[in-house]
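Residue-level listing of the chains:
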Amino acid sequence: MKLLKQIFDFYINSSIHVALSSYALVHITFYFFHIQYDETMALFVFFGTIVGYNFVKYDALVRVKKNPIGNQLKIIAVLSFISVILVGYYFFHLKRITQIVSVGIFLITALYTLPFFPNRKNARNWAGVKIYIVTLCWVGATLILPLINAEVPFTADFFIRSIQRFVLVFVLILVFEIIDLANDDPHLKTVPQTIGVKNTKLLGFLLLIPFWIVGILSFSFHDLVINLIMVMVLMGFIYFANPNRSKYYTSFFVEAVPVFWWLMLFIFENNMLGVTALR
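For every chain, the first residue of the written sequence is number 1, and numbering continues from 1 along that sequence. Only residues with pLDDT of at least 70 are given local features in this predicted model, and only at 80 or more are side-chain atom pairs given and counted; all residues enter the totals for whole chains, interfaces and linings. Only hydrogens and water are set aside when side-chain values are computed; all heavy atoms of the structure are taken into account.

> Give me the lowdown on the overall build of the protein chain, citing residues and values where you can.
Helix and strand counts for the protein chain stand at 12 helices and 0 strands. Think of it this way: any DSSP run of H or I at least four residues long counts as a helix, any run of E at least two long counts as a strand, and we number them from the N terminus. Counting helices and strands in the order they occur from the N terminus, the protein chain gives α-α-α-α-α-α-α-α-α-α-α-α. Put simply, the protein chain has 279 residues, and 43% of those count as buried. The contacts in the protein chain between residues at least 6 apart in sequence include a share of 73% that link residues at least 24 apart. Computed with the Shrake-Rupley method and a 1.4 Å probe, the accessible areas treat only the protein chains shown as cover for residues. Looking at the protein chain as shown, the accessible area adds up to about 15200 Å², and 71% of this sits on carbon and sulfur atoms. The cut-offs for exposure are 20% and 50% of the maximum accessible area for each residue type, with area from a 1.4 Å probe on protein chains only; residues under the lower value are buried, those over the upper are exposed, and the others partly exposed. We call two residues in contact when some of their heavy atoms are within 4.5 Å.

Encoded structure:
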């Protein structure tokens, strides 16, 4: 049992789980915009997420605090190094414009972690902006990059799906901020610190309205059903969020929401294909 817990903790701490969520969102982008599966794009985002998140999580721990490096952290460092190599490999197989935009997203991630300006903290510690930076990076990596690489024009559907993706990530981060309320620096001015837990939950519920409306605009019955299920799941995570929850509440269950969405789309799509084949 102890070994299983160690493996599970490594899976979470090494950012494989969150990378799987970004991989799922890329697949969801392929689905909604009818893009043929692009392995290069999907794996670039997957391994890029591992690199980005591990850099954000462990840079200060090693570079600033100079904490002793344990065995798990050493293995995570090896995984991150391998991921850097794979990110580089897939990067050179992307289209030029995709490469340029991805570099922009990387620079935002670096700004989030490293203090580029003299006598200034990194963007992660800028009051009130953390949630917007993280959300925009997720929308850029999982929605904009796949569309650019597939040369899909930015139509009204793109802007509608961008709103939906932004809301999804924003709401998930709100849940994280509620759970982390007791540990976050008060100077961060996270949403719960600024308006309180109750109002943060109310904000999350209200933001699910545009998420639900996007589902209505799809005019597809199974998309409507899936969208409604997603709204109910997100409402549940918001409602039951509190600072006393286990770290696994967010680091595993909340971060698995995009994977759950992707699996529902996959199952419904295959069921529809099966019904069509029987006719």
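> Requested: an account of the environment of phenylalanine 8, with residues and values cited.
Inspection of the secondary structure assignment puts phenylalanine 8 in helix H1 (residues 2-13). C-alpha separation for the pair phenylalanine 8 and phenylalanine 252, spaced 244 residues apart in sequence, amounts to 9.7 Å. Apart from the residues within four sequence positions on either side, phenylalanine 8 is in contact with Tyr248 and Phe252.

> Tell me about helix H7 (residues 156-179), residues and numbers included.
If you check H7, its first and last C-alpha atoms are 35 Å apart, about what 24 residues at 1.5 Å a residue would give, namely 34 Å. Buried residues dominate H7, accounting for 17 of its 24 residues. To estimate the expected span of a helix, subtract one from its residue number and multiply by 1.5 Å.

> Let's hear about the side chain of glutamine 164: which residues, and what values?
Mapping glutamine 164 onto the fold places it in helix H7. Within the structure, glutamine 164 has its side chain in polar contact with the side chain of arginine 161 (distance 3.0 Å). Other than its neighbours up to four places away in sequence, glutamine 164 contacts Phe32, Phe211, Val214, Asn227 and Trp261. Polar contact is the term for a pair of N or O atoms within 3.5 Å; when the atoms are in protein, one must be able to donate a hydrogen and the other to accept it, and sequence-neighboring residues count only if both atoms are side-chain atoms.

> How would you summarise the nonpolar core if you had to cite specific residues and measurements?
Residue types Ala, Val, Leu, Ile, Met, Phe, Trp, Tyr and Cys, when buried and joined through side-chain atoms within 4.5 Å, form a set referred to as a nonpolar core. Membership of the largest hydrophobic core comes to 61 residues, with the highest contact counts inside it found for Phe44, Leu168, Phe211, Met230, Leu234 and Trp261. Of all the secondary-structure elements, those providing two or more residues to this core are helix H2 (16-32), helix H3 (39-64), helix H4 (71-91), helix H6 (130-149), H7, helix H9 (197-217), helix H10 (221-239) and helix H12 (257-278). Sorting elements by how many residues they give to this core places H7 first, with 12 residues. In this structure, tryptophan 261 is in contact with Leu25, Ile28, Phe32, Gln164, Leu168, Phe211, Ile226 and Met230, ignoring residues within four places of it in sequence.

> Can you explain H6? Please cite residues and give values.
Taking 1.5 Å per residue, 20 residues should reach 28 Å; H6 reaches 27 Å between its end C-alpha atoms and fits that length. Across the 20 residues that make up H6, a large majority, 16, are buried. With its phi angle positive at about 55°, glutamate 151 sits one or two positions after the end of H6.

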